[in-house]
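# What the coordinates show
One-letter residues, chain by chain:
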There are 2 protein chains.
Amino acid sequence: MGKRILRRSKTSKATAVSPANIAFIKYWGKKNSKLNIPFNDSVSMNLDKCLTTTTVEFNPRFRSDKVIVDGKELAEDKKLRVLNIIDLIREKSGVSYGVKVVSKNNFPSDSGIASSASAFSALALAGSVASDLTLSEKELSILARIGSGSASRSIVDGFAWWKKGANNATSFAAQIAPESYWDLRDIVVVVEKMKKKSSTEGHGVALTSPFFKTRQKNLQRRTLGVIGAIKKKNFLKLGELIEQEAIELHVMAMTSNPPIFYWNKGTVEIMNKIRKWREVGLTGFFTMDAGANVHVICLAKDVSKLNSRFKRLPEVLFTISNKPCRGTQLTNKHLF
Amino acid sequence: MGKRILRRSKTSKATAVSPANIAFIKYWGKKNSKLNIPFNDSVSMNLDKCLTTTTVEFNPRFRSDKVIVDGKELAEDKKLRVLNIIDLIREKSGVSYGVKVVSKNNFPSDSGIASSASAFSALALAGSVASDLTLSEKELSILARIGSGSASRSIVDGFAWWKKGANNATSFAAQIAPESYWDLRDIVVVVEKMKKKSSTEGHGVALTSPFFKTRQKNLQRRTLGVIGAIKKKNFLKLGELIEQEAIELHVMAMTSNPPIFYWNKGTVEIMNKIRKWREVGLTGFFTMDAGANVHVICLAKDVSKLNSRFKRLPEVLFTISNKPCRGTQLTNKHLF
């Protein structure tokens with residue numbers, strides 16, 4: 001996997017690049033909200049066109065900690081979330097210097113795609129290497145998870161299974177299959193130009209849905225079904241299950257107290273078109289995270305046809321076509 | 001209530017007019033699908049602009065039974081559903097003559113408003129009077145229910161509570177409050193020009209939703225809440241509860257096997273607008289039956305403002321503004 005860092009060097013600067021991921025089985029509800037221990041396993045695919053690059057430098061000359069994302073210094077609350085991970089790295093590595101974190105996303109911030117998964121996984125790898133820590137993939141996944149639950153999955157190459165675990169040491173992601181195993185595609189169909197609403201709101205009220213317990217009771221079966229469908233490359237089975245799961249996530253949101261409604265007219269239009277097109281042999285399946293935009297999962301052969309159809313719909317602002325890709329990687333292209 | 005028919009006459013022809021109704025608590029799932037015994041109580045308000053008029057004549061000269069709706073003779077399967085009620089009336093009354101049933105709706109058939117509630121309640125009253133039967137309101141509600149579950153509620157004036165009961169004799173609607181009690185309004189916002197999908201499909205799969213049992217367990221509380229809100233004219237409480245209920249109905253549909261999706265882009269646009277306008281003091285609440293169109297419940301003072309806003313939305317085809325009204329009534333204006 002290339003994640004175990006064997007080389008120790010004197011440099012205190014490191015850069016990592018990491019993808020966002022689309023969840024086929026969703027992360028919804030936390031058992032421990034400080035450590036992001038989830039109620040259930042989740043499953044995802046990395047997105048090769050949605051990347052965050054992060055450079056971390058520890059330096060004795062830095063008098064204060066600085067965090068710059070897409071050219072702007074972070075507000076205090078968001079900065080604290082980053083520094084929480086930096087402090088864990090300091091603790092493990094013994095490095096007590098000031099830090100400079102510079103991070104850049106290559107996908108539009110108004111695309112509704114969460115950058116927290118790619119950002120915290122990149123931070124975990126760049127930060128640990130910059131402090132000369134040697135972490136295994138599992139340890140990186142745990143560290144990334146503490147920053148943002150879904151970041152645990154971006155560490156892994158290709159298709160990831162985040163096992164909920166029972167505590168901090170046992171809640172991490174592992175690989176189902178590498179990115180080259182199955183050339184699935186994810187067309188992100190953007191119907192709402194806005195930052196992703198934080199899913200923190202959703203996690204907070206997840207348990208108030210009267211249907212949450214029933215979901216938990218039945219979910220492992222769907223999860224194992226999705227993993228099996230990936231392993232067997234059974235596209236129709238995968239599609240059926242991810243649509244059920246997407247609907248169920250939004251059912252949880254809409255029936256929580258207070259209810260949360262993420263869909264807009266474009267969301268429903270895309271879902272209805274996808275179903276209609278399937279009847280005439282153009283096969284895609286939808287999934288949505290905690291937002292209005294639709295991720296359409298399809299086979300490589302149907303990407304351009306689907307994409308051009310989406311672009312003709314008045315509700316669609318733009319699309320981003322993704323392949324599965326490697327997880328968090330080191331790079332020499334430092335941002336400063 | 002004026003439903004008990006005291007006058008017995010020699011005429012074998014009678015005409016009744018009856019309203020559609022909007023359910024605040026929905027009828028979803030049947031314990032007995034032949035008799036339309038529901039899994040749960042439901043609550044509704046009659047709609048004064050959505051009326052069916054039905055004339056029934058029993059005549060020894062009629063060689064065959066004829067059923068004409070909106071100028072067209074009914075197809076065999078729909079005719080059988082009507083003749084099933086006629087046969088029950090023949091059985092009770094001893095009248096064995098041929099029948100002619102002529103029925104007319106004053107609301108567009110493509111409005112998505114179910115005509116079965118108004119039609120079968122009008123049929124129950126016109127048919128029983130034409131056969132010289134004297135039925136109480138309760139007996140009429142039972143007879144109408146066998147034709148179409150929701151028709152049991154249209155028999156009653158104003159606001160109706162259909163208690164599920166345990167069998168044919170105990171499952172009928174009774175009044176919560178007369179139409180004059182509360183000047184609530186229902187603006188039917190039509191976003192899809194099509195006949196209402198039969199809810200029979202939904203009833204058939206209702207029990208396959210993994211969330212159906214939890215709904216049943218919690219529903220009586222919401223039902224009593226809605227009844228209390230009507231009695232106390234507590235508009236905000238009523239609105240909160242009917243939106244929860246509308247979402248839950250569609251949750252049941254979307255999570256059944258196979259799933260049923262009724263919403264279109266207009267449905268979601270109206271729901272989102274309603275929520276947004278509420279934040280700035282224009283207060284309406286949405287509910288939807290098994291279809292895409294939205295019923296917006298509001299107070300009389302806000303009808304014209306809401307209505308003109310709806311008409312400006314490109315997704316809206318037309319609207320119908322309703323007040324609560326009397327239930328099924330006799331009239332002298334025979335259709336033939």
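Bear in mind that the values here come from a model prediction, so they are computed numbers and not experimental data. (Residues numbered from 1 in each chain as written. Chains lettered and ligands numbered in written order. Predicted model: local features only at pLDDT ≥ 70, side-chain atom pairs only at ≥ 80, totals over all residues. Heavy atoms only, no water.)

### Here's the deal with the relation of the copies chain A and chain B
Each copy superposes on the other: chain A lies on chain B with an RMSD of 0.0 Å after a rotation of 180° and an axial shift of 0.0 Å. Both chain copies can therefore be described as sitting about a two-fold axis. When each C-alpha of chain A is compared by its distance to the rotation axis, K265(A) comes out closest, at 2.0 Å. In this assembly, 100% of the residues forming the interface of chain A have copies in chain B that are likewise at the interface, indicating an isologous arrangement. (Least-squares fit on C-alpha atoms with pLDDT ≥ 70 in both. Contact = heavy atoms within 4.5 Å.)

### Topic: the domain arrangement of chain A
Frequently, the measure chosen for interface size is the accessible area removed from exposure when the parts meet. Residues and elements named next belong to chain A. As far as domains go, chain A holds domain 1 (13-179) and domain 2 (184-322). The interface is formed by 30 residues belonging to domain 1 together with 45 residues belonging to domain 2. The contact between domain 1 and domain 2 buries some 3,100 Å² in all, and 73% of this surface belongs to carbon and sulfur atoms. Three residues stand out in domain 1 for area buried against domain 2, namely F24, K26 and W28, and they jointly supply 28% of the buried area on that side. Counting the contacts that link domain 1 with domain 2 gives one salt bridge. Linking K26 and D289 is a salt bridge whose minimum nitrogen-to-oxygen distance equals 2.8 Å. Applying the counting criterion to the domain 1 and domain 2 interface returns seven residue pairs in polar contact (both at pLDDT 80 or more). Considering each element in turn, the side of domain 1 that touches domain 2 owes the most residues, six residues, to strand β4 (residues 42-59). A breakdown of the residues in the side of domain 1 that touches domain 2 according to their chemical character gives 18 nonpolar, six polar and six charged. (Domains from an automatic or database assignment. Buried area = accessible area lost by both parts, 1.4 Å probe. Salt bridge = Lys/Arg side-chain N within 4 Å of Asp/Glu carboxyl O. Polar contact = N/O pair within 3.5 Å; in protein donor to acceptor, adjacent residues only side chain to side chain. Helix = DSSP H or I, 4+ residues; strand = E, 2+ residues; numbered from the N terminus. Nonpolar A, V, L, I, M, F, W, Y, C, P; charged D, E, K, R; others polar.)

### A word on the UniProt feature "domain: Diphosphomevalonate decarboxylase-like N-terminal" (unreviewed entry) in chain A
Per the UniProt record, "domain: Diphosphomevalonate decarboxylase-like N-terminal" (unreviewed entry) is found at residues 19-173 of chain A. Helix makes up 31% of residues 19-173 of chain A and strand 33%, with an end-to-end C-alpha separation of 15 Å. (UniProt positions renumbered as here; feature names shortened; annotations may be inferred.)

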